[in-house]
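Close look at the chain arrangement
If you want the building blocks of each chain, they are given just below.
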Amino acid sequence: MADTVKSTLIYFAPPDDGSKPFTHINADPVTGERHRNWHFDPHEIDIENLRGKEHTVSLDTTGFHYGKEAAKHTSFANDEEVEREYYPESIELVKRITGASRIVPFDHTIRRRRPGEIDDSPQKRQPVPQVHVDQTPESSVARVHRHLPASDAPELLKHRFQIINLWRPIGKPALDWPLALCDYRSIDYKRDLVPLTLKYPDRDGETFGVKFNPSHRWKYVRGMTPEEFVLIKCFDSRNDGKTAILTPHTAFSDPTTPPDAPLRESIELRLLVFYDD
């Protein structure tokens with residue numbers, strides 16, 4: 001029998017006026033809310049705990065992969081240290097798992113849950129309790145042009161490339177507000193996913209909002225430790241109708257979380273992943 005929990009997940013509902021949806025990346029410093037023109041659509045969902053069954057999912061079938069390998073860098077104290085120490089070991093880890101020929105990290109986010117504090121800058125990011133996909137096909141290609149030399153991008157884009165997030169807890173198990181992931185095989189790509197403008201202070205990006213579908217199958221691993229990680233596929237150019245090309249995900253309130261569980265701290269490293277084929 002499956003080990004499941006029930007929790008309310010926040011889906012996307014489109015703007016009333018039919019305009020393109022948008023969200024500001026930073027919360028309003030007064031209200032604590034991100035300005036947006038679309039609606040939250042909460043639904044109570046069954047989420048299966050895959051503890052002990054991590055091998056039943058993979059990047060190319062479900063869109064995500066669980067693994068266990070401790071990072072050598074463990075302090076995550078500042079961005080410079082993370083880039084100098086954590087980036088290189090993460091590149092090698094993901095190369096081993098995927099067989100990629102080249103991996104370029106383009107940013108990372110450290111999230112620390114701080115109840116009552118406003119998420120209004122990159123240094124104050126908190127878990128995101130909203131179903132989303134980090135990239136669209138258009139924003140994924142734009143990322144290659146943004147982060148790679150102009151001399152490299154055209155050739156790289158002729159071959160398979162992906163955007164993958166490497167997510168792991170920091171310091172202690174992530175019992176508080178863990179990460180749920182949706183099995184790609186349960187998604188109706190054309191119906192469920194809606195491009196959404198993500199407004200940065202200096203530019204616009206694009207993500208997918210995700211509409212509720214009762215067919216969605218949600219998974220997590222309870223109490224992931226800092227020695228464990230999950231790879232989350234945000235884009236894959238191999239659009240052959242068989243390969244998972246993305247993974248909706250969200251933080252959620254797990255009813256089995258012990259009342260004295262430490263507040264969640266985690267890091268996600270975002271990677272451009274290139275192949276020779």
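The structure displayed is predicted, hence computed values, not measured ones. (Residues numbered from 1 in each chain as written. Predicted model: local features only at pLDDT ≥ 70, side-chain atom pairs only at ≥ 80, totals over all residues. Heavy atoms only, no water.)

Let's talk about the nonpolar core
Counting 22 residues, the largest nonpolar core has Y86 and L166 as the members making the most contacts within it. For this core, the elements supplying multiple residues, two or more each, are helix 1 (79–98), strand 5 (102–112), strand 7 (161–169), strand 12 (228–236) and strand 14 (265–274). Excluding residues that lie within four positions of it along the chain, Y86 makes contacts with A71, H73, F76, E81, L166, R168, I267 and L269. Counting residues in each nonpolar core, the second largest holds 20 residues, with A180, C182, Y220 and L246 among its members. (Core = buried A, V, L, I, M, F, W, Y, C linked by side-chain atoms within 4.5 Å. Buried < 20%, exposed > 50% of the residue type's maximum accessible area, 1.4 Å probe, protein only. Helix = DSSP H or I, 4+ residues; strand = E, 2+ residues; numbered from the N terminus. Contact = heavy atoms within 4.5 Å.)

Remarks on the sheet that holds strand 4 (residues 64–68)
Pairing between the strands of a sheet is mediated by backbone hydrogen bonds and can be parallel or antiparallel. Pairing is antiparallel across the open sheet formed by 5 strands, whose spatial order is 4-12-7-14-5. The open sheet terminates on both sides in strands that have one partner only, identified here as strand 4 and strand 5. This sheet shows a mean twist of 20° between the axes of neighbouring strands, independent of strand direction. The pairing of strand 7 with strand 12 spans 6 bridges and is antiparallel. For Q162, the partnering residue across the bridge sits in strand 12 and is D236. This element, helix 1, spans strand 4, strand 5, strand 7, strand 12 and strand 14 of the sheet and lies at about 125° to strand 5. In the packing of helix 2 (residues 137–147) onto the sheet, the strands contacted are strand 5, strand 7, strand 12 and strand 14, and the crossing angle to strand 7 comes to about 90°. (Pairing = 2+ DSSP bridges. Axes fitted to C-alpha atoms, helices over the stretch in contact; angles between N-to-C directions.)

Topic: helix 2
Every buried residue of helix 2 is listed here: S139, S140, R143 and V144. Along the axis of helix 2, the buried positions cluster into a sector of 150°, meaning they face one direction only. Against the buried residues of helix 2 lie strand 5, helix 3 (153–156), strand 7, strand 10 (204–210), strand 12 and strand 14. (Arc of directions from axis to C-beta.)

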